[in-house]
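A structural walkthrough
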Amino acid sequence: MMFKTVDLFAGAGGLSYGFELTNRFLIVAAAENNKNAEKTYIENHKGGSGIVIIPDVRGYDFKSLVKKFDGIDVVIGGPPCQGFSNANRQKNHIISMNNSLVKEYFRAIKEIRPKAFVMENVSMLFSDTHRFYDSMRDHDEVVSLDIEMRTDELVISDGDFDGINLFNVFEEEREAEYKIADDLFQLLNVLYKNRHNEDRLSKYIKKNAEKIVDKITEYQQQAACEFELLENIAASIKSPKLYEYFGELGRFIKFQKSFRLKSELDTNDIIYSLARDSITGKLTAVVNSYAVIEYVNKILGKDYIKNSGVVNSLWFGVPQERKRFIMLGIKSDITMQKEIAMPSETDFSIVSVGEAIMDLVEYPVNEDMDQEGESPYIEQQNLSAYALSMRLGSTGVNNHIVPKTRERAKKRFAALKEGENFHKLSSELKDNYANPARTQNSIYLRLDSSKPSGTVVNVRKSMWIHPTLNRAISVREAARLQSFPDKFVFKGTKDAQYQQVGNAVPPLMAKGIAEILLKYL
């Protein structure tokens, strides 16, 4: 029996591909709004162009999908969670569309009523720290589910700016008088961020000075409130005097962020009230919040037997340590089991970076996308079992492309040994970083061929280095570390391909999860 499956937030399709490897799951529909990832998905999955592509899950009629396919057996997917609230840490980023996407995932479960579901996400999502804010959109539903609320205060502004009382501005709905356009805000924000790096600042000003001046002039001519700071920046944009205004510019950026934070609350229909400290001018939004995990448990009720936990891709033969949170659910009326067993760490063989990618050193890499194509396999001795498995079904190497590398980066590559990262570089090779000590350990990391890699993200942005060659890791090498076989071809721009690989669930990990699910189906 083949189980008709829907993949929500599918990306390039690592989760789907792993499920298909069992030959028991047929993907009939996938939700993905990134065009490059959609092209990759259609290219590599069995259903191909016959798969229904859902461009946006928000408000989608999943009942019509059930009718079209005469029932859906399984729902899988990993809704993004980058925007989740973290009120305990007083983060400035209040809320984003991503919050609603988890709710959309479980709305799909309620409408489709599949035999089983798999939700993949980061483990932090199901801690008490990560919370939803009470919103007009589903306030009545949350109340009816008897979900426990708590009161939180979210900082909108640390204080007044230039004598402007933000509380009064918001109460009187006069935001338009003080809020600058988004394009000007972005220009000034990047200008401020580059203030400690003379090289970057100089290049940025050379490229954007006229645009900054034009946007400031446009704002000052139209706005009800003219800011002397903006006039000073426009007048000194190409002179050393500009440095005198960076302190005030930092306060101005925070002031402008306040308008954007309040706009997020309004756009997402969050229920809140404003409160201002009369002494400091600190402005907060008083909201009610509730734990994501409690929402998930209450929204599904007793319809599904669930279990969840953190799994590691190493357990499934992936040459990478990647810990992800997995929730499995089986419909209560189709299983006699009272509990679902999660994948666990048992006896498994570690696959190293060397076993995964070192056979690819024999194949030319391309920096130019126009020259990218398949390099037919050549006869090689002593291929690892993993490399052989990655070659099955393919006639050659695709997506073996790398970023164009500047001279400074090449010097950094040459200076690092296997397992070393940015922090091992000499001070003169770090001089264009504002605060080298705060740089993550994954930046400029030369992979150790004798060990599995760390979590694969967009390795182009992280500048991961080949174990033995002085170049970046290619898209195909990153895909190998994620357990994508060579016949899986990525589409889109170079950066789009790197991003798709980094965002994906490793197919071998997905296959292992699918096999657990099959025990109950």
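Quick summary incoming for the structure in this document.

A few words on the packing of aromatic side chains. If you walk through the whole model with that rule in mind, you get 26 aromatic pairs. Measuring from ring centre to ring centre gives 5.2 Å for Tyr-105 and Phe-106, while their planes differ by 80 degrees; the resulting arrangement is edge-to-face. Ring centres of Tyr-243 and Phe-246 lie 5.6 Å apart, and the angle between their planes is 90 degrees; this geometry places the pair in the edge-to-face category. Here the aromatic residues Phe-161, Phe-170, Tyr-219, Phe-227, Phe-252, Phe-255 and Phe-259 are joined through ring pairs into a cluster of three or more. Taking the ring centre of Tyr-295 as reference, the NZ or CZ of Lys-103 above it sits at 5.4 Å. The ring of Tyr-192 has Arg-195 sitting right over it, with the charged end atom 3.8 Å from the ring centre.

Counting through the fold element by element, Val-102 comes out in helix α4 (residues 97-112). For Val-102, a relative accessible area of 0% gives the class buried. C-alpha separation for the pair Val-102 and Thr-335, spaced 233 residues apart in sequence, amounts to 26 Å.

Attention now goes to the nonpolar core. One finds Leu-188, Leu-191, Phe-227, Ile-233, Leu-249, Phe-252 and Phe-255 to be the most contacted residues of the largest nonpolar core, which totals 46 residues. Sorting elements by how many residues they give to this core places helix α11 (residues 246-267) first, with eight residues. Residues within four places of Leu-188 in sequence aside, it is in contact with Ile-180, Ile-212, Leu-230, Ile-233, Leu-249, Phe-252 and Ile-253. Residues Leu-101, Leu-300, Tyr-304 and Met-327 belong to the second largest nonpolar core, which totals 36 residues.

Turning to the sheet that holds strand β11 (residues 323-331), a few remarks are in order. Read from one edge to the other, the open sheet built from seven strands follows the order β3-β2-β1-β4-β5-β11-β10, with strand pairing classed as mixed. In this open sheet, the two edge strands, each paired with only one partner strand, are β3 (52-54) and β10 (304-312). Within the sheet, the average angular offset between the axes of one strand and its neighbour, ignoring direction, is 20 degrees. Relative to the sheet, helix α12 (residues 292-300) contacts β5 (116-121), β10 and β11, its axis offset from that of β10 by approximately 150 degrees.

Positive phi is not limited to glycine here, since Asp-269 has a value of about 55 degrees. Looking at Asp-269, the relative accessible area reads 33%, which means it is partly exposed. Even without a glycine there, the phi angle at Asn-399 is positive, about 55 degrees. Tracing the backbone shows Asn-399 in the loop between β13 (396-397) and α15 (407-415). Under the relative-accessibility criterion, Asn-399 is labelled buried at 1%.

Attention now moves to a negative patch on the surface. Taken together, the side chains of Asp-162, Glu-226, Glu-228 and Glu-231 make up a negatively charged region of the molecular surface. As for its placement among the helices and strands, Glu-231 is situated in helix α10 (residues 228-236).

This paragraph deals with the packing of helix α8 (residues 182-193) against helix α9 (residues 198-222). The interhelical angle for the contact between α8 and α9, taken along N-to-C directions, is 145 degrees, at an axis separation of 10 Å. Crossing hand, α8 versus α9: left-handed. Of α9, the residues touching α8 (which contributes Asp-183, Leu-184, Gln-186, Leu-187, Leu-188, Val-190 and Leu-191) are Leu-201, Tyr-204, Ile-205, Asn-208, Lys-211, Ile-212, Lys-215, Ile-216 and Tyr-219. Residues of the contact of α8 with α9, tallied by class, amount to eleven nonpolar, two polar and three charged.

This part takes up the pairing of strand β4 (residues 74-77). Here β4 shows a buried face lined by Val-74 and Ile-76 and a second buried face lined by Val-75 and Gly-77. Taken together, the four bridges between strand β1 (residues 3-8) and β4 define a ladder with parallel strand orientation. Considered in β4, the bridge of Asp-7 is made with Ile-76. Bridge count between β4 and β5: four bridges; the pairing is parallel. Of the residues in β5, the one forming a bridge with Gly-77 is Met-119.

Rules and cut-offs
- Residues numbered from 1 in each chain as written.
- Predicted model: local features only at pLDDT ≥ 70, side-chain atom pairs only at ≥ 80, totals over all residues.
- Heavy atoms only, no water.
- Phe/Tyr/Trp six-rings, centres within 6.5 Å; stacked < 30°, edge-to-face > 60°.
- Lys NZ or Arg CZ within 6 Å of the ring centre and 35° of its normal.
- Helix = DSSP H or I, 4+ residues; strand = E, 2+ residues; numbered from the N terminus.
- Buried < 20%, exposed > 50% of the residue type's maximum accessible area, 1.4 Å probe, protein only.
- Core = buried A, V, L, I, M, F, W, Y, C linked by side-chain atoms within 4.5 Å.
- Contact = heavy atoms within 4.5 Å.
- Pairing = 2+ DSSP bridges.
- Axes fitted to C-alpha atoms, helices over the stretch in contact; angles between N-to-C directions.
- Patch = residues over 30% accessible without salt bridge, like charges linked within 9 Å, V, L, I, M, F, W, Y side chains within 5 Å.
- Areas by Shrake-Rupley, 256 points an atom, 1.4 Å probe, with all protein chains shown as cover.
- Salt bridge = Lys/Arg side-chain N within 4 Å of Asp/Glu carboxyl O.
- Lys, Arg positive; Asp, Glu negative; His and termini not counted.
- Charge placed at Lys NZ, Arg CZ, Asp CG, Glu CD.
- Left-handed = near helix turned anticlockwise from the far one by under 90°.
- Nonpolar A, V, L, I, M, F, W, Y, C, P; charged D, E, K, R; others polar.

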